[in-house]
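Okay, here's what each chain looks like letter by letter:
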Amino acid sequence: MTQNNAQPLYDTFARIGLRFTRGNGAWLISDNGERYLDFTSGIAVNALGHNHPKLVKAIEEQAHKLWHVSNLFQSPEQEKVAERLCANSFADKVFFCNSGAEAIECAIKTARRYQYVSGHPERYEIITFEGAFHGRTLATLAAGGQEKYLEGFGPKAQGFVQVPFDDEKALRAAIGEKTAALLIEPIQGESGLRPVPKEFMQLLRKICNENGLLFIVDEVQTGMGRTGKLFAYQWSGIEPDIMALAKGLGGGFPIGACLATKEAAKGMTPGTHGSTFGGNLLAMAAANAVLDVMLADGFLDHVNAMANLFKQGLASIIDRFPDVVESIRGVGLLTGLKCVVKNTEVIAAMRDEKLLGVGAGNNVIRLLPPLTVTEDEIRDGLHRIEKAVQLVSNAHKQK
Ligand SMILES: *Cc1c(COP(=O)(O)O)cnc(C)c1O
């Protein structure tokens, strides 16, 4: 089903041979009218599902008023989104951009500038962790440190040091005179939904305080309710200094944001950073609508209830088919299944049952329902997953 020959496009994506023309809540409808239960949510982007009435209305209304004025002028719309993000997090200040990688770029620049204006221009190194993914720009690739993505793209951007995951000794040994900040995903997304233990998050905070370093969290995938808290760092009882957001923030509209404390952002003075499109009015309308829904009473309770139901069902599938799937990964509705057989084989079998999941590293399948998924849809999804897993199990037994 993989097609790499869509002629006018770069061949960078191994696209699946499906074309979707409409969406509704957790459902995608293909050009031949087939209905798929979408547990990819556009890779954790469509947090409110497809075609959410509040999002549609917000974009529609803004489209009739004004689309874009640039950052030459004041923006009450940006101020409103920023105020709401800050009121519900550790942060005091926000910079808007257009993607996850851009949000991480801003986080890196913010940390380096903080050290620079604090009298430590020599502190520019960012320590990251094995298995990390922070984006595809040259600096965020260097931060992620994955050889397969760096190969052939010239010298790796300087100023990034990578240490093993959850290893205090290695981390302490890597901290030196040049260290500016630590950068970590509270739950590694692309490499297979590996959560950072709570105690390690607390240790990172402590180490940053002891050494005058900034603590940056990459919540591009884990943020915006995906894990059952508005931000995943909130599970660990600590607060970072800087946070990158993107995926779920616009509910499908491209947007990124870098959040920081007033102190951490003190070096980002006029002229030090910029973006043409960042904070675009349509993006702000989308983010405000997403926040209207997510900040309403009971929204996160619903996410946690659906996550529990989903996990119970997945656990029972694992019990019955340990020859296909071995464990549940992730937190909240950032859910995954670690496979025994090849994850791509199970994903294809799920697709045959009209359920969409997305692969991750370490042979994991990510199952990311929209946060608005209903109980019936979770049960429906579990039936499809079970059927797919059973078919894969039978096929392997016959071999
Ligand atoms: C998706 C992702 C990014 C990159 O976001 P883009 O919008 O693709 O640039 C960065 N960090 C994490 C943790 C991600 O999941």
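Small disclaimer: the values here were computed from a predicted structure and weren't measured.

Q: Explanation requested: unusual backbone geometry in the structure shown.
A: Trans is the common state for peptide bonds, and a negative phi is the common state for residues other than glycine. A positive phi angle, near 75°, is found at Ser70, a position not held by glycine. With respect to the helices and strands, Ser70 occurs in the loop between helix H2 (53-65) and helix H3 (76-87). Given the relative accessible area of 22%, Ser70 is considered partly exposed. In the Ramachandran plot, Leu193 falls in the positive-phi region, its phi being about 60° despite a non-glycine side chain. Within the secondary structure, Leu193 is located in the loop between strand S10 (187-188) and strand S11 (194-195). Since its relative accessible area comes to 0%, Leu193 is described here as buried.

Q: So what exactly am I meant to see when it comes to the UniProt feature "binding site: pyridoxal 5'-phosphate" (unreviewed entry) in the protein chain here?
A: UniProt tags Gly100, Ala101, Phe133, Asp218, Glu219, Val220, Gln221 and Thr276 as "binding site: pyridoxal 5'-phosphate" (unreviewed entry). Judged by maximum C-alpha separation, these annotated positions cover 177 residues in sequence and are scattered in space, the widest gap reaching 25.3 Å. Looking at where Gly100 falls in the secondary structure, it is placed in helix H4 (residues 100-117). With relative accessibility at 15%, the residue Gly100 sits in the buried group. Once residues within four sequence positions are removed from consideration, Gly100 is found in contact with Val220 and Ala246. One can find Ala101 in helix H4. Accessibility expressed as a relative area gives 13% for Ala101, which makes it buried.

Q: What is the right way to read the side chain of Thr261 from this model?
A: Examined against the element boundaries, Thr261 turns out to sit in the loop between strand S14 (256-260) and helix H9 (281-294). Discounting chain neighbours no more than four positions away, the residues touching Thr261 are Phe90, Asp92, Pro240 and Asp241.

Q: Can you walk me through the nonpolar core in this structure?
A: Most often, soluble globular proteins have nonpolar side chains that are buried together. Grouped together as the largest cluster of nonpolar side chains are 84 residues, with contacts concentrated most on Leu85, Leu171, Leu367 and Ile385. Per-domain counts for this core show at least three residues from each of domain 1 (20-52 + 297-397) and domain 2 (66-294). Within the second largest apolar cluster, 26 residues are counted, among which are Cys97, Ala143, Phe160 and Leu183.

About the cut-offs
Residues numbered from 1 in each chain as written. Predicted model: local features only at pLDDT ≥ 70, side-chain atom pairs only at ≥ 80, totals over all residues. Heavy atoms only, no water. Helix = DSSP H or I, 4+ residues; strand = E, 2+ residues; numbered from the N terminus. Buried < 20%, exposed > 50% of the residue type's maximum accessible area, 1.4 Å probe, protein only. UniProt positions renumbered as here; feature names shortened; annotations may be inferred. Contact = heavy atoms within 4.5 Å. Core = buried A, V, L, I, M, F, W, Y, C linked by side-chain atoms within 4.5 Å. Domains from an automatic or database assignment.

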